[in-house]
Amino acid sequence: MSKWNLIIDVAKCFNCNLCALACHDEYYDNDFPGVAASMPRRGHRWIEIHQKERGQYPMVDVVYLPVTCNHCDEPPCQKAATNGAVTKRADGIVLIDPVKAKGQEAIAEACPYKAVFWNDETNIPQIWPFDAHLLDSGWTKTRGTQVCPTQAMRSVKLDDRAMRDLATQEKLEPLHPEFGTKPRVWYKNLARWQKALVGGTVAGPIKGVVECVAGARVSLEREGQKLGEALTDTFGDFRLDGLDLAGGYRLSVSAPGFADQAVAFDLTDSTYLGTITLVGR
Amino acid sequence: MRAGELKLSILLFGLAQALRFNARCHPQFAQRFKERNLVAQIRTMDRRVGRWYEFKDGKLNSGRGLHAKPDMSIVFTTAQRAADLLTPPINQLEQIEAIKNFNLMMDGPEDVTLWFTQTVMMMPTLGWDYGIDQPDGTRRFVSHTNGGPLFVYVKDGKIVRMTPIEFTDEDAPSWVIKARGRSFTPPRKATIAPHTQCQKTTLYSPDRLLYPMKRVDFDPNGNRNCQNRGVSGYERISWDEALGIVASEIKRVKRDFGQGAIMLNHGSHHTWGNIGYYLSAAYKLFNAIGHTHVIHNPDSWEGWYWGATHHFGYSMRLGQTETYSCVEDLLKEAEMVVFWSADPEATSGSYAAFEGTSRRMWLKELGIEIVHIDPYYNHTAGLLGGKWLAPKPGTDAALAMAIAQVWMAEGLYDKDYVAKRCVGFDVWADYIMGKEDGVAKTPEWQESETGIPAREVRALARQWGKKKTYLGAGGWGNGHGGACRSATGIQWARALACLMAMQGMGRPGVNYGHLQWGTPIDVRFYFPGYADGGMSGDLEGTGIAINLYQRMPQLPSFNPTAQKIPRLRIPEAILEGKAEGYPWNGKTIEGQFQKFSYPQAGHALVQMIYKYGGASIGTMTDTNRYVKAYRTDKLPFVVNQSIWFEGEAKFADILLPACTQFERWDISEFGGTGGYALHGQTQMNHRVALVQHKCIEPLGESKSDYQIFLELAQRLGLSAYFSEGMTELNWVKRCFDASDLPKHISWKEFLKRGYFVIPPLEEERRDPVAMRWFYEGRKKDVPEPHPLPGDYTETFLEGLQTQSGKFEFECSSLKRFDANDPERPPIVKYLASWEGPQAKELYDRYPLQLISPHPRFSYHTMSDGKDSAVNDIREHRMRVNGYDYWVIRINADDGRARGLKEGDLIRMFNDRGAVVGAAHLTQRLPRGVVHSYESSAVYDPAGEPGYSVDRGGCVNQLTPRRSIAAKVTGTAANSCLVEIEPWDGKGELRPKTQPASAARA
């Protein structure tokens, strides 16, 4: 039995919000019985995009994390619901019946991802229902997938084994697997959101003038274990990504013609270490 | 009876039969017969042949000969001519020629003639089928916006959803570019922008104007209470009353004051469509009325138009170079792309949605080195990564000159090109190397101006000098937006032009662009853009004379009023009764030197503004001026034709509710502009021609712009001239016929499906790369019809538009105009901004530099406010205590120094005004720089309009009115000093602000 999954590439999302707006377009002021009642005009973001800046001026990057209903295979909302208001379809889609769910705030509160929204006007919990009514009428993809300009979002229908293979092959992972809900939304490059970045700039005197040092070898270690290595670019910049917030990092820089230099630091957030000025050997 | 007479008799009989037949087949047509009781007569001038048509109680009677008392007559000079003109297929050109030469005339009351002609013209449109039924019970139509085309799904007269158009196998294939051993082809869809995807919410918005309104204390025959504009409420009136007042005001001010008393002021872009556009229907009517024209400065191109033009020409493109085939050249050849003040992922190529985005992703895949120069770590940088350099706003020219200095000092430029294709290099080199003024423009020299370390500039210059580099300047890659809209914008654009000349622009891999323009589509397929003038007939004010006037014959129109006002000087024109400006006139480089003054000799001061929409307060500069100009009895009448009750619509005496493009007919092409953005379709991955279906009936009593203009025209005796007896749908069909579409698709099919993908060029027919001809010293071979033949110096098609025909480091045009202008000397020199860190006194009081780029989630004022869905995007507006505040971005350290935290309400102010917004603390800005988009649709003064803090977010209340340079008329909105503090909740402005140091303490 093939089932729906959503794949989101964090590295390709740039917060254009088209998926969120398409979701609003689909559900605001529309009623799809059994699938979704109208979304409120304002305030709900059934597809929400969180953002994070990493680093400090002048070396930063930005990461966006779209979050929506995970259509979990073990949905806590379903457990919290009475009278079968939450159903899990054979194709993997979780639906909250707007009629049966009326007044059941527990359904919204049960979601560890905070992806179930409570509609104050109509007294119902609401989610992005994977555009089930469209898929049922012949659509081959969700609206977010259709409108995304960078293909950061893909809706795929695969059996669970094929999906697991794809996840292995493309290094996909769910958000917060520790919640134990078995999400059907998969993320690529999730480390960009979850891990820290360290960067810096290497400069040094060349023919008496301070220049950017390109091609310097930068290596990072912690507790005697080498974590990564990078070469500085044209501007003497280096970046090392995928790091844990922890103490005891040691970064060493070596470049031909210069004395080696090392910097020790603790990581409490993504950090730009500033300019490391080498001295001639 | 002569042969012609017999034929005419038969044709006139046939018309009666056709009317009856259509009424039998089409109930809505039969219904129309019930609208009027009238007798129409068609006859020859000598009255030998004629037929009358009597509509009475829904029935048509018709008889041969002359009617004793017809309500209206259509008269042909001869029977033969009439027979020729009425024999299908109707020859539009001959019909227009007949009207123009008085061989076809019409007489009768306006309502009668219009009703009868539209009834006749409507016949071929009856039974036209459009839209496609969907499995879910909706019907799918097509529409188009400033941010891309849409499928619009409708059920029971209501729009259910709007989606991008995905192409099928029935549509033309996509192009493929082979580069570096790979094949690149775009996604099979037309992308849309965020401001497009939210349009269901702006269409069904609580801010829609649904009925004509009159300000409650406005009495056109008594007290007008102009001082209460913006404060007083409105009452609903009928269309008849509203248009009656507008028509009588037009007549009154013309009668009492004479030529020039009526001003038409429209926004930069209307809702999309070639017929309903301002350059179409509005110009036709207002030329017929006679109006003081508002001259738009090239406000997204300033530095390029007023500056770069003098080095290389391209005046017709507002100082931006040609871009043909640059996408393929970049992908094949370039080793580096420098994005300079360029954020195409936020500005979407103005009308190109995210068409360029998928192409730019290829840069990353190919590992092409990327540099971003922008005070803000913008969204393109966020998506693509690369080196970020953040010069202090307004200092970019210093950075550019330091790059040139490194190239000159280290020989890293194309010496052969500079010798053969350029003039004046030595003069500029003397300035750059310090021979002229003793100051070499070194990387160290620029460091104190820009804040960028000298070593980074050297590294950039060396890399650029060694690698084949595309310079992506501004949102289009060859200009547009950003740094060109600042006090030093002219210097910046000029310096960049000089850099490109030094690198041999046109050399493989060396050109302007960042994959935004220059796809291999077929630009030789004619489909008119909006600047081609639509149904305007305006041979002087639009591009219609070039193509469309011949292809879509129509009555010409001319504005009899010579008086002009620069858009940026409207408040002075109203309040002080005088204004001066320099025009955007792209015919030649020297067009921009033709200074004009208001009032024009012998013309009246403006007594009436006809405003089309409500954008000025959010989009112009120092905009409390516009508020004050509205609240004076020096301006006795203001009518605003607007879709929404927003911005300055709230300052009108009469409000005319227009509908959106979803509620009317039109026709257009994705991103098809024509004019100064000729072949702008090369921003698109596919050329998509569209009929814009009337998806639903207009909401409330709103009407299409065309219909409003037509009903106003009726009251001025102009309806036949304005409409040529046509409905909007007739004009849409005429526009289709005028294009190359009929050679490829039938009208029936086009109308039904709603769109057609114009096939791309086969690989071997693709256009030559931009400027390659110049690089190689050949005749110009790209499909660009300018410069004008008379602007080539020696031989047609040889060389550039400049006097020398070469790239001029020292500009002969500026030398002739004013060689001693310190702001625009013949060679580009660095002059610090008059509103920046070097403006010491001001900088001490206002130590933050505000940049206000074109917005990311809205378009001008479209899609913002209106309780639109984009207001829930925290990057666009933040909801604080139930109010949607505009976002103001500030460096996190600067924010903390002012006691701010994320989401705090802040007061951003200077001597010009104060705006309240929600603070976003960020590392994407260096210290000392503040970023907040321009173009808020909401003006919400906390007290007296014009003298209060604005909660709506119109940051342009703070930007300088001063022109970018003394001898041009342009906006320098990005040169703006402000201070920020937590908002104390007070609404009034403070007359003079304390020094910032004291304020912070």
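See the structure printed just above.
Residues numbered from 1 in each chain as written. Chains lettered and ligands numbered in written order. Predicted model: local features only at pLDDT ≥ 70, side-chain atom pairs only at ≥ 80, totals over all residues. Heavy atoms only, no water.

Caption draft 1: Region of interest: the overall build of chain A. For chain A, the helix and strand inventory stands at seven helices and 18 strands. Whereas a compact globule of 281 residues would reach a radius of gyration of roughly 19 Å, chain A reaches 24 Å, over 25% beyond that. Summarising its shape, the C-alpha atoms of chain A cover approximately 75 × 35 × 30 Å along the three principal directions. Classification of the 281 residues of chain A by burial places 57% in the buried group. Pairs at least 24 residues apart make up 58% of the contacts formed inside chain A by residues separated by at least 6 positions. In the form shown here, chain A has an accessible surface area of approximately 11500 Å², with 50% of it arising from carbon and sulfur atoms. (Helix = DSSP H or I, 4+ residues; strand = E, 2+ residues; numbered from the N terminus. Rg over C-alpha atoms; globule rule 2.2 N^0.38 Å. Buried < 20%, exposed > 50% of the residue type's maximum accessible area, 1.4 Å probe, protein only. Contact = heavy atoms within 4.5 Å. Areas by Shrake-Rupley, 256 points an atom, 1.4 Å probe, with all protein chains shown as cover.)

Caption draft 2: Structural detail: the overall build of chain B. Along its length, chain B carries 33 helices and 40 strands. Relative to its length of 1001 residues, chain B is compact, with a C-alpha radius of gyration of 29 Å against a globular reference of 30 Å. With respect to the three principal axes, the spread of C-alpha positions in chain B is 95 × 65 × 60 Å. Across the 1001 residues in chain B, those meeting the buried criterion constitute 70%. Of all intrachain contacts in chain B linking residues separated by at least 6 positions in sequence, the fraction that spans at least 24 positions is 75%.

Caption draft 3: Representation of a negative patch on the surface. The grouping of Glu105, Glu109, Asp120 and Glu121 of chain A at the surface amounts to a negative patch. By relative accessible area, which is 40% here, Glu105 of chain A ends up partly exposed. (Patch = residues over 30% accessible without salt bridge, like charges linked within 9 Å, V, L, I, M, F, W, Y side chains within 5 Å. Salt bridge = Lys/Arg side-chain N within 4 Å of Asp/Glu carboxyl O. Lys, Arg positive; Asp, Glu negative; His and termini not counted. Charge placed at Lys NZ, Arg CZ, Asp CG, Glu CD.)

Caption draft 4: Inspection of the environment of Ala190 of chain B at higher detail. All names here are of chain B. Inspection of the secondary structure assignment puts Ala190 in strand β13 (residues 189-190). For Ala190 and Phe141, which are 49 residues apart along the polypeptide, the C-alpha to C-alpha distance reads 15 Å. Ignoring any residue separated from it by four or fewer positions in sequence, one finds Ala190 in contact with Pro149, Pro164, Ile165, Phe167, Glu355 and Phe670.

Caption draft 5: Fine view of empty space enclosed by the protein. All names here are of chain B. Applying the stated criterion across every chain, the model contains eleven cavities of 30 Å³ or more. Its volume calculated, the largest cavity comes out at about 310 Å³. Forming the walls of the largest cavity are 25 residues, and the residues nearest its centre are Ser341, Asp374, Gly482, Ala483 and Pro853. Looking at the lining of the largest cavity residue by residue, the classes come out as nine nonpolar, 13 polar and three charged. (1 Å grid on protein atoms, 1.4 Å probe; cavity = no way out; pocket = protein on both sides within 12 Å on 5 of 7 lines; lining within 4 Å. Points joined across faces, edges and corners; volume = space filled by probe spheres on them. Nonpolar A, V, L, I, M, F, W, Y, C, P; charged D, E, K, R; others polar.)

Caption draft 6: A look at the pattern of salt bridges. A full pass over the atoms with the stated rule returns 103 salt bridges over all chains. Its salt-bridge partner being Glu166 of chain B, residue Lys141 of chain A comes within 2.6 Å of it at the nearest N-O pair. Here the residue Lys141 of chain A occupies a position in the loop between α4 (132-136) and α5 (143-147), and Glu166 of chain B occupies one in strand β10 (residues 165-166), the pair thus bridging two chains. According to the relative accessible area criterion, Lys141 of chain A is partly exposed, its value standing at 24%. Using a relative accessible area of 23% as the deciding quantity, one classes Glu166 of chain B as partly exposed. For the salt bridge of Arg551 of chain B with Asp740 of chain B, the shortest nitrogen-to-oxygen distance reads 3.3 Å. With a gap of 189 residues between them, Arg551 of chain B in helix α21 (residues 548-551) and Asp740 of chain B in the loop between α27 (728-738) and α28 (747-753) connect regions that are remote in the sequence. Owing to a relative accessible area of 34%, Arg551 of chain B belongs among the partly exposed residues under this scheme. Among the charged side chains, a network of salt bridges with common partners joins Arg41 and Arg42 of chain A together with Asp867, Asp872, Arg879 and Asp884 of chain B.

Caption draft 7: Up close: the interface of chain A and chain B. The interface of chain A with chain B comprises 54 residues on the first partner and 64 residues on the second. Taking both sides of the interface into account, the surface hidden between chain A and chain B amounts to around 4800 Å²; carbon and sulfur atoms contribute 52%. Among the residues of chain A in contact with chain B, Arg42, Tyr57 and Phe235 of chain A are the three that bury the most area, contributing 16% of the side total. Linking chain A with chain B are ten salt bridges. The shortest N-O distance in the salt bridge between Glu26 of chain A and Arg161 of chain B comes to 2.6 Å. Going through the elements one at a time, α1 (18-27), β2 (48-56), β3 (59-67), α4, α5, β11 (196-206), β12 (209-212) and β15 (237-243) of chain A are the ones with two or more residues in the side of chain A that touches chain B. Considering every element that reaches the side of chain A that touches chain B, the biggest residue donor is α1 of chain A, with six residues. (Buried area = accessible area lost by both parts, 1.4 Å probe.)

Caption draft 8: Structural view of the pairing of strand β16 (residues 262-266) of chain B. All names here are of chain B. Burial analysis of β16 places five of its five residues in the buried class, which makes it a mostly covered element. Covered by surrounding structure in β16 are Ile262, Leu264 and His266 together with Met263 and Asn265, the residues of both alternating faces. Looking at chain direction, β16 and strand β27 (residues 608-612) are connected through five bridges and run parallel. In the sheet register, Asn265 faces β27, and the bridge partner there is Lys611. Pairing geometry for β16 and strand β17 (residues 292-295), over two bridges, is parallel. (Pairing = 2+ DSSP bridges.)

Caption draft 9: Local environment of helix α20 (residues 489-502) of chain B. Residue and element names in this part refer to chain B. With 14 residues, α20 extends 20 Å between its outermost C-alpha atoms, agreeing within 8% with the 20 Å of an ideal straight helix rising 1.5 Å per residue. In terms of residue burial, α20 counts as a mostly covered element, since 14 of its 14 residues are buried. A positive backbone phi angle near 80 degrees is found at Gly504, which sits one or two residues after α20. (Expected span 1.5 Å × (residues − 1).)

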